Structures are given as C-alpha cells and as structure tokens.
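Structural features, examined
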Amino acid sequence: MLVPIAEATKGEQLVLGICEDKNYRTIVATAMANGHLVQARTPMDVNLSKQLNILISDMGMPKDRIIMDPTTGALGYGIEYGYSVMERLRLAALQGDAMTQLPMIVTPGFEAWKTKESKVGEGVPEAWGDWNARAINWETLTAIALIESGADILVLRHPESVRRVKEAIEELMVAA
Amino acid sequence: MALSGIQIYKMLPQTNCKECGFPTCLAFAMKLAAKQVELSACPYVSDASKKQLAESAAPPIRLITLKSNGTEVKVGNEVCMFRHEKTFYNKPGLFLRVKASDPELAKKVSEAAAYKVNYVGMDFTLDGFAIEADGDLAAAVKAVRGVSKRPLMLIGNDAAVLDSSLALLAGEGTLVYAADSTNYESLADTAKKHKASLVVKADSLDALADLTQKVQAKGVEDMVLDLGGKNMGEWLARSTQARRLALKSNFKPLGYPTIYFADTHGVDKEAVYAAQTIHT
C-alpha cells in the first residue's frame, strides 16, 4: 500500500513509515525513488536506533530524510525508559555521533490512548475523576515529558491536547 | 566538588597503620573517593581533615525534609542531571494550595487529605498543604491540623504572623514561602527560630545565589529555590542552569531543591506546568 501512495504523491514530501528492521528495505526504496522521508522506528534502545539509521543510510537515503522514532510508552507505562533513551540519543548527537544526529518523532497520542486511564470511563475508581479531563491530561502529560526529553515531532490525537501542547511549545520557544 | 583519592590521601595520617582494614592509607583514600567506606574507619584522622572531608562529601543539592507528626517529604539530595546516569532519589512533593480566608478550608483539606489513588499496589496521595496567609493564618493552621497531619507550607511575608503560626507547629519541619531581597532578614530569623525551611525567591539566578548566601549567613541552612521565570522556556533554562551549576561545579549557593506553583496558570495548564517542572 505504501508503494502506490509514495508514487501517487511524488513531488510532495511525506514521511513514510513505519520502517522497522524487518521491513525497512521496501519503504526506504520507494521513499528514495519518490522524494519522501522515512520514519525509522526501533524499540527503546540507543544502539538499535543507531543501527537502523545506519542500515537506512547505507541504502543511499540522505540523512536529512530520516526521522528517528525511538518508541515511547505512555505516562505510567514505561515512559521513563523512552524518556531516557531519547535523552541519551540527543546527548550522543550533541557529542558528535553522526548516526544519532537526526530529529525524533514520537507518538504520545497513540500510546496514551491505549491506556486504561484514557480509554475507560466506567467501572474505574472514583478517585480517577472525570474521564474526559483525565484522558486529555494523560495524553498532554505524556507529550510534555517527551518534549522535555528532546522530541521534534509529536503525533497527537485529541484536539484539546494539541492546543495545550502547542501553547507549551510556544512558551518553550520564546527567546531568552 | 568530590575529592580525588590523592587529594583525600593528603589529609590522612599517611602512617599505613592498617587499622582501617586496608594495607595502606592510599588504598583507604581510594575507597573513600569511591564512597565505598566511611571515614570513621580511620581512628587517627585529624578533626580538621574530618571537617574538610565532610564538606566535600555533602550532597551537591541539599536534602530538605518537611515533616509533621507522622509523615515526611524529602526532596533534593540529587547527584545527577539525567536519570540514566545513575538514578533520581527523591520524588517531588505535591502540595495543595489553600487560602486561610476560605470559609470551607477544613472541609476542602479534609477531602483532599482523604484522596488517594491506588496504582499497582501503591497508594498515591497528596504530600501536604500550602496555606496562604490571606486571613487569620494561625486559625487556619489550627483548622488544617484538626483534619490532616500532613506536612505544611505557610505562604506569607509578615514575619510576626508566620512566627505565631509556626509556634503552633513546634517539632515539625515546615516550609515558609518566601524570602526575597526586601524581607529575608526577618523571615530568616523566623525560620531559624522555628527550624523551618525557607523558600528563597528572586528574578534571576545571580540574585538568587546572592540571596541564598545572605540567608545562610543569617543561620538558615535549609532552603528551597523559587526560580521565577515568566514562561516555560525561562523556567527550564534557569532550572537546568541551577542544577548543572550545583552538580557539575559544586556551586553551593544554588545547591537546593526547587519549588513551582503550577496552579497559577488555570486548570488547563496546571498539569502542563507540573509535568515540565517535574521532568526537568
């Protein structure tokens, strides 16, 4: 499916994904042929990230068309591991490790909305509070944590989360 | 700054008496530098060296303990910038801000104190209450103490008012908010008298470092920093710089934990600000 899409949108620059170590060849080949970018996903590990970046760039893909997806967990579901991996990738990049010097994309929307806290409105403890408020907070908090650890692109789901995260990004980008 | 083995060796008796359990003083010094033994294992070390070594061993970010009759909140004592370098030791404390003038104060605090969420076998609760002195603070402290035993923070700038309220909390470790360049002398005196911790507030890191030294000269050691900052970016920069100076350069005037009022931006943004200040 990605191949005909890549061909039909030739001339635009899409991010094609998800490239993982099993399937990256086809996606990278069509992205290269049609001028697109790729999302390179590896499971929360600095070395696996580097390795996939190397494999993809070895196929001839320019590095400015690869976006790393180091994978993340939602708040309360392993976010600290994803967070640390992202910090380490960013620190390695700043110290000159060329194969980590790529922007990072993460999917807090997808992760947060998988959790029981976001998905379930009934039969949960009363102390969890209002479902809607909780679900949006879950997504927003996951996203903010990932921004602080170096995310460049965040994929969100709820429009209210998008609004809140955008405001936060604007505040963070104000010149000192 | 943590001393190297050689630097420590120079402060030891250098007699190689072996009573510490190591073959030479140098071997013992190396173990000390790696924090694998206690200095007390050496029976002959001089008092001057002891003092100097104790200072170098002091945590770069001071441990602040807020306690009441029963529970306590510990913050600070951190040794690294990033979680993957070692670990973070103390969880941030979460306090609920209430107003002394609120006629429903006792009811609100009682409900908040009862609030808990069980998450994989752990009960999460609020750590304490911050009472704003916009009314009769002493009466508010009594009302809160009637329904909750959690640690308290008192928000006010009148030393006499704080003094009489802190007198009601004898034996507890309370946090006082906040000393700035205009009132630090009286607030430091009050904090010292009641063994309270004191928040120090200024609008730049330079001014803050200056103020913590002045407060320390007044005899208060336990401080918490309010970094100010008008947006998330500014707060992030100050917080990172303060922590880096404390950890990497052992800059003591900023070697304290920080406090942030996430509630001042409205309900929507409260969690956003709390998330940022916890993560950085």
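For clarity, every value in this text was computed on a predicted model and none was experimentally measured.

Notes on empty space enclosed by the protein
All names here are of chain B.
- A complete count under the given rule lists one cavity of 30 Å³ or more for this structure.
- Estimated volume of the largest cavity: approximately 70 Å³.
- Lining the largest cavity are L12, P13, T15, N16, C17, K18, C20, T24, C25, F28, C42 and Y44.
- Considering only residue class, the lining of the largest cavity consists of eight nonpolar, three polar and one charged.

Focus on the confidence of the model for chain A
- Per-residue confidence for chain A averages 94 on the pLDDT scale, and 99% of its residues sit at or above 70.
- Model confidence for chain A, summarised as mean pLDDT per element, is weakest for helix α6 (residues 116-119) of chain A at 91 and strongest for strand β5 (residues 153-154) of chain A at 97.

Things to note about the interface of chain B and chain A
- Each side of the interface is counted separately: chain B has 20 residues, and chain A has 26 residues.
- Roughly 2000 Å² of surface becomes buried between chain B and chain A when both sides are summed, with 58% attributable to carbon and sulfur atoms.
- When the area that chain B buries against chain A is broken down by residue, the three leading residues are R83, H84 and H279 of chain B, summing to 27%.
- Across the pair D268 of chain B and R164 of chain A runs a salt bridge whose closest N-O atoms are separated by 3.4 Å.
- At the boundary of chain B with chain A, the tally comes to 11 residue pairs in polar contact (both at pLDDT 80 or more).
- Within the residue set of the side of chain B that touches chain A, elements represented by two or more residues are β4 (117-119), α9 (232-248) and α10 (267-279) of chain B.
- Tallying contributions element by element places α10 of chain B first for the side of chain B that touches chain A, with eight residues.

Things to note about the nonpolar core
- Of all hydrophobic cores here, the largest spans 42 residues; its most connected members are I131, L154, L198, L208 and V215 of chain B.
- The element that contributes the greatest number of residues to this core is helix α8 (residues 205-217) of chain B, accounting for five residues.
- Discounting chain neighbours no more than four positions away, the residues touching I131 of chain B are V98, A100, L137, A140, V141, V144, L152, M153, L154 and I155 of chain B.
- In this structure, A6, C19, A31 and I147 of chain A belong to the second largest nonpolar core, which totals 38 residues.

Some remarks on the packing of helix α8 (residues 159-173) of chain A against α9 of chain B
- For the pair α8 of chain A and α9 of chain B, the least separation of the axes is 6 Å and the interaxial angle reads 55°. In terms of their interaxial angle, α8 of chain A and α9 of chain B are classed as oblique. Counted together, A168, E171 and L172 of chain A of α8 of chain A and M232, G233 and L236 of chain B of α9 of chain B form the full contact between these two elements.
- Within the contact of α8 of chain A with α9 of chain B, the residues separate by chemical class into four nonpolar, one polar and one charged.

Definitions and limits used
For every chain, the first residue of the written sequence is number 1, and numbering continues from 1 along that sequence. Both sets of labels track the order of writing: A upward for chains, 1 upward for ligands. Per-residue local features of the predicted model are confined to residues with pLDDT of at least 70, and side-chain atom pairs are confined, for both listing and counting, to 80 or more; whole-chain, interface and lining totals are unaffected and use all residues. Each side-chain value is worked out from all heavy atoms of the structure, with water and hydrogens disregarded. Note on definitions: the grid is 1 Å and covers protein atoms alone; a cavity is a set of points where a 1.4 Å probe fits but cannot get out; a pocket is an open set with protein on both sides within 12 Å along at least five of seven lines; lining residues have an atom within 4 Å of a point. Grid points are joined across faces, edges and corners, and a volume is the space filled by probe spheres set on the points. Only Asp, Glu, Lys and Arg are considered charged in this grouping, and only Ala, Val, Leu, Ile, Met, Phe, Trp, Tyr, Cys and Pro are considered nonpolar; every other residue, Gly among them, is considered polar. A score from 0 to 100, pLDDT tells how confident the predictor is in each residue. Secondary structure elements follow DSSP: runs of H or I no shorter than four residues count as helices, runs of E no shorter than two count as strands, and numbering proceeds from the N terminus. The contact definition used throughout considers only heavy atoms, calling two residues in contact when any of these lie within 4.5 Å. Once two parts are put together, the accessible area they lose, assessed with a 1.4 Å probe and summed over both, is termed the buried area. By convention in these notes, a salt bridge is any Lys or Arg side-chain nitrogen within 4 Å of a carboxyl oxygen on Asp or Glu. Throughout this description, a polar contact denotes any pair of N or O atoms lying within 3.5 Å of each other; where both atoms belong to protein, one of them has to be capable of donating a hydrogen while the other can accept it, and for residues adjacent in sequence the pair is counted only when both atoms sit in side chains. Nonpolar cores were defined as sets of buried Ala, Val, Leu, Ile, Met, Phe, Trp, Tyr and Cys residues, with membership established by side-chain atoms within 4.5 Å. Only protein chains enter the accessibility calculation, which uses a 1.4 Å probe. A residue is then buried if its area is under 20% of the maximum for its type, exposed if over 50%, and partly exposed in between. Under this scheme, a helix contributes an axis fitted over its contacting stretch, all axes are lines through C-alpha atoms, and angles between N-to-C directions fall in the 0 to 180 degree range. Angles below 35 degrees are treated as roughly parallel, those above 145 as roughly antiparallel, those between 65 and 115 as roughly perpendicular, and all remaining angles as oblique.

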